Amino acid sequence: MWSGLILLAAVQAGGPAGARACTPAEVRDLTAPSDQAYRLTCRADLAGVAVRRPVLMEGAEASGAGIDCGGGVIRPAREATSQTPTVAIWSRRQGDGWSRPVQTYVRNCTVVGNVRIWGMGAGGSMRDLLASSRTPDHTTAAQSAAPLGTMLERVRFEGVGTIPLYVGPGVTQTVVARSRFSGRSVSTAVYLDAESAGTVIQDNDFTIRTGREQIAVDGSGANRIIGNRFALGGRGGVFLYRNCGEDGVIRHQTSSYNQIADNVFSGVGWLRPRTVVVGAREGNRSYCGDDAGYPFGSSADDGDGATGNRVERNRTRP
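Nothing here was measured: the structure is a model prediction, and the numbers come from that model. (Residues numbered from 1 in each chain as written. Predicted model: local features only at pLDDT ≥ 70, side-chain atom pairs only at ≥ 80, totals over all residues. Heavy atoms only, no water.)

Can you explain the overall build of the protein? Please cite residues and give values.
Along the protein, the regular secondary structure elements total five helices and 27 strands. Against the globule reference of 20 Å for 318 residues, the protein gives a C-alpha radius of gyration of 19 Å, in line with a compact fold. Referenced to the eigenvectors of the C-alpha coordinate spread, the extents of the protein come out at roughly 55 × 50 × 40 Å. In the protein, buried positions account for 54% of the 318 residues. In the protein, the proportion of contacts linking residues at least 24 apart, taken out of those at least 6 apart, comes to 74%. Split by element, the accessible area of the protein, about 12,900 Å² in all, is 50% carbon and sulfur. Both charge centroids of the protein, one from 35 positive and one from 29 negative side chains, sit 6 Å from each other. (Helix = DSSP H or I, 4+ residues; strand = E, 2+ residues; numbered from the N terminus. Rg over C-alpha atoms; globule rule 2.2 N^0.38 Å. Buried < 20%, exposed > 50% of the residue type's maximum accessible area, 1.4 Å probe, protein only. Contact = heavy atoms within 4.5 Å. Areas by Shrake-Rupley, 256 points an atom, 1.4 Å probe, with all protein chains shown as cover. Lys, Arg positive; Asp, Glu negative; His and termini not counted. Charge placed at Lys NZ, Arg CZ, Asp CG, Glu CD.)

Here it is, written out as structure tokens:
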């Protein structure tokens, strides 16, 4: 019931009251082919017109901004990478703090490539994230710095190799609803990174070919993965763990208090039908010692620490 109410509220919310509609000139610039990312700070209703350039919603000035493609496509000419995503929803370092976008959205779009939602570490620089992880209040700091309340509704994610949807460190209250993941990924379809929380993934279809599990929940808590349909192709479904020590960043939060319920998994592996795995790593990585020396988080304990998760009413089909 709680997750359904959250999803309904998020779908109905078009953004903060102050968010304005894009002008015709802004829409022309947004839809003009370019290798340069368009900085979106308004609400664009495109009625099917294609976007041929990357889109960036960055900082507080992008709060309430978004795109309703009206069934159209966002397909930049250059191939999307983790550093140059198709759609980036990013925070920006501002003095001693962070400027973050709140209540951005993408609706009724085909996104060819990937969507990246990031706070600390946006754009690939890990220095701030690494330094923050060495302080005891890192989870609070990361969540305060990261985008809040992103809505992705009726989006067709067409993977071209990179992870189609990456919810970065500290990102909170993201909603992914009534969407489809297709194409391919060398890794996962969705990645929920450390210190992120409150993501709702509901009523989506996963037909994408992945190199790993479909959804990774890595040090991410209080998420709701409900009523989705997964065609696994022999790969894993939803894995909960804590990726200790990667890049030297201490993971503080555990993958706890998540709900994975009422999902349907088909194409499971015959020998290892791993649909939902709670505690998928428990350390067991060569870099787990790279964050050693601090009395908290994965620096003190390499285990996944996944507790309080509810896995219920999921079904498996051939």
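From this point on, the discussion continues.
Describe the environment of leucine 56, listing the residues and the values that go with them.
Secondary-structure assignment places leucine 56 in strand S3 (residues 55-58). For leucine 56, a relative accessible area of 10% puts it in the buried group. Setting aside residues up to four positions removed in sequence, leucine 56 forms contacts with Ala37, Tyr38, Arg39, Leu40, Ala88 and Trp90.

Explain the state of the cysteines to me, and be specific about the residues and the numbers.
Evaluation of the coordinates by the stated rule reveals three disulfides. Paired by a disulfide, cysteine 22 and cysteine 42 hold their sulfur atoms 2.0 Å apart. An S-S torsion of about 95° defines the bridge between cysteine 22 and cysteine 42 as right-handed. With a gap of 20 residues between them, cysteine 22 in the loop between helix H1 (2-12) and helix H2 (24-31) and cysteine 42 in the loop between strand S1 (38-39) and strand S2 (43-45) connect regions that are remote in the sequence. (Disulfide = S-S within 2.5 Å.)

How would you summarise the pattern of salt bridges if you had to cite specific residues and measurements?
Enumeration over the complete set of coordinates arrives at 17 salt bridges. A salt bridge links glutamate 246 to arginine 251; the nearest nitrogen and oxygen atoms lie 3.4 Å apart. Residue class for glutamate 246 comes out partly exposed when judged on its relative accessible area of 27%. Close ionic contact of arginine 313 with glutamate 312 constitutes a salt bridge, the shortest N to O distance being 3.9 Å. (Salt bridge = Lys/Arg side-chain N within 4 Å of Asp/Glu carboxyl O.)

How would you explain helix H4 (residues 138-145) if you had to name every residue and give the values?
Residues His138, Ala142 and Ala145 constitute the buried set of H4. Projection of H4 onto a plane perpendicular to its axis shows the buried side chains occupying an angular sector of 70°, all on one side. On its buried face, H4 is in contact with strand S8 (97-99) and helix H3 (127-133). (Arc of directions from axis to C-beta.)

Could you give me a rundown of the environment of leucine 40, with the residues and numbers involved?
Checked against the element boundaries, leucine 40 lands in the loop between S1 and S2. A relative accessible area of 0% means that leucine 40 is categorised as buried. Setting aside chain neighbours within four positions, we find leucine 40 in contact with Cys22, Leu30, Val55, Leu56, Met57, Ala62, Ala65, Gly66 and Ile67.

Go over the packing of aromatic side chains with me, naming the residues and quoting the values.
One pass over the structure, following the stated rule, counts seven aromatic pairs. Pairing phenylalanine 230 with phenylalanine 265 gives two aromatic rings, centres 4.9 Å apart and planes at 10°, and the pair type is stacked. Of this pair, phenylalanine 230 sits in strand S21 (residues 229-231) while phenylalanine 265 sits in strand S24 (residues 264-266), placing them 35 residues apart in sequence. Note on accessibility: phenylalanine 230 and phenylalanine 265 belong to one class, buried. Taking 5.9 Å as the distance between ring centres and 35° as the angle between the ring planes, the aromatic pair formed by tyrosine 294 and phenylalanine 296 counts as tilted. Residue tyrosine 294 is classed as partly exposed on the basis of its relative accessible area, which comes to 31%. (Phe/Tyr/Trp six-rings, centres within 6.5 Å; stacked < 30°, edge-to-face > 60°.)

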